[in-house]
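# Notes for the structure review
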Amino acid sequence: MAAPGASDSALSIALFLRGIGLGLATVPITAAAYMRMSPAAIPEATTLLSVVQRIGGSFGTAFLLAIVARHLATGGSAPQAYAIAFGATLIISLLALAPAALLPRRDPASPDSDTTGAAAEPVR
């Protein structure tokens, strides 16, 4: 059980919805990051992004595990430890909104133009 009064099914549903949200956000964020790059720079950026995601995921997991382990080592209960870790992920997610707001946006006046200013060619 996650917290007093919380059910395992409620936690499962919350984690499922969070996972869907993160999955749906990944592609648009990646596309926005690549939008203003030259085509020649994209392969290098893709490699760098992959490395950063893997290292960041490992460090994030280790950070959250350290939070849980420290809480358990000081006599806290497992549900409290996981609640603190989930709270930390919420804070980190909220902090990530600031740089996400700085990602480039497509000009609504020209949705079909690419970043080089050339007109988009129709798909055949």
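Scroll up to find the structure this text is about.
Let me begin by describing the structure that accompanies this report. (Residues numbered from 1 in each chain as written. Predicted model: local features only at pLDDT ≥ 70, side-chain atom pairs only at ≥ 80, totals over all residues. Heavy atoms only, no water.)

## Considerations on the overall build of the protein chain
To keep things clear, this is the line we draw: Secondary structure elements follow DSSP: runs of H or I of four or more residues count as helices, runs of E of two or more count as strands, with numbering from the N terminus. Residue burial is assigned from relative accessible area. The probe radius is 1.4 Å, only protein chains are included, and a residue is buried under 20% of its type maximum, exposed over 50%, and partly exposed in between. Whether two residues are in contact is decided by their heavy atoms, any of which lying within 4.5 Å being enough.
The helix and strand inventory of the protein chain stands at three helices and zero strands. Along the protein chain, helices (α) and strands (β) appear in the sequence α-α-α when read from the amino end. For the protein chain, the residues scored as buried account for 11% of the 124 residues in total. Within the protein chain, residue pairs in contact and separated by at least 24 positions form 50% of the contacts whose partners lie at least 6 positions apart.

## A closer look at helix α2 (residues 42–73)
The test is simple: Helix span, expected: 1.5 Å multiplied by one less than the number of residues in the helix.
Compared with the 46 Å implied by 1.5 Å per residue over 32 residues, the 45 Å span of α2 between its first and last C-alpha is a close match. For α2, the complete set of buried residues consists of Ala45, Ile67, Val68 and His71. Phi turns positive, to about 95°, at glycine 75, one or two residues after α2.

## Details of the nonpolar core
In a soluble, globular protein the nonpolar side chains are often hidden away together inside. In plain terms, the rule: Residues enter a nonpolar core if they are buried and are Ala, Val, Leu, Ile, Met, Phe, Trp, Tyr or Cys, with the set joined through side-chain atoms within 4.5 Å.
In terms of nonpolar packing, the biggest core is built from five residues, these being Ile67, Val68, Ala81, Ala85 and Ala88. Among the secondary structure elements, those contributing two or more residues to this core are α2 and α3 (78–101). Counting residues per element, this core draws most heavily on α3, which supplies three residues.

## Thoughts on helix α1 (residues 8–34)
Think of an α-helix as 3.6 residues a turn; residues three or four steps apart then line up on the same face. Stated formally: Two axes are fitted around each residue, one to the seven residues ending there and one to the seven starting there, and the angle between them is reported as the bend at that residue.
The terminal C-alpha atoms of α1 lie 39 Å apart, and with 27 residues this matches the ideal 39 Å at 1.5 Å per residue to within 8%. Considering bend angle alone, the principal kink of α1 is centred on threonine 26 and spans about 25°; proline proline 28 follows within four residues of it. If you check which residues of α1 are buried, you get Thr30, Ala32 and Tyr34. Of the surrounding secondary structure, the elements contacted by the buried residues of α1 are α2.

## Re a nonpolar patch on the surface
What counts here: Patches here are clusters of residues that have more than 30% relative accessible area and form no salt bridge, with a 9 Å joining cutoff for like charges and a 5 Å cutoff for nonpolar side chains (Val, Leu, Ile, Met, Phe, Trp, Tyr). Per-residue accessibility takes into account occlusion by the displayed protein chains alone, with areas from the Shrake-Rupley method and a 1.4 Å probe. Salt bridge criterion: a side-chain nitrogen from Lys or Arg within 4 Å of a carboxyl oxygen from Asp or Glu.
A surface patch of nonpolar side chains, about 530 Å² in accessible area, is lined by Ile13, Phe16, Leu17, Ile20 and Leu24. For phenylalanine 16, the position within the fold is in helix α1. Owing to a relative accessible area of 54%, phenylalanine 16 belongs among the exposed residues under this scheme.

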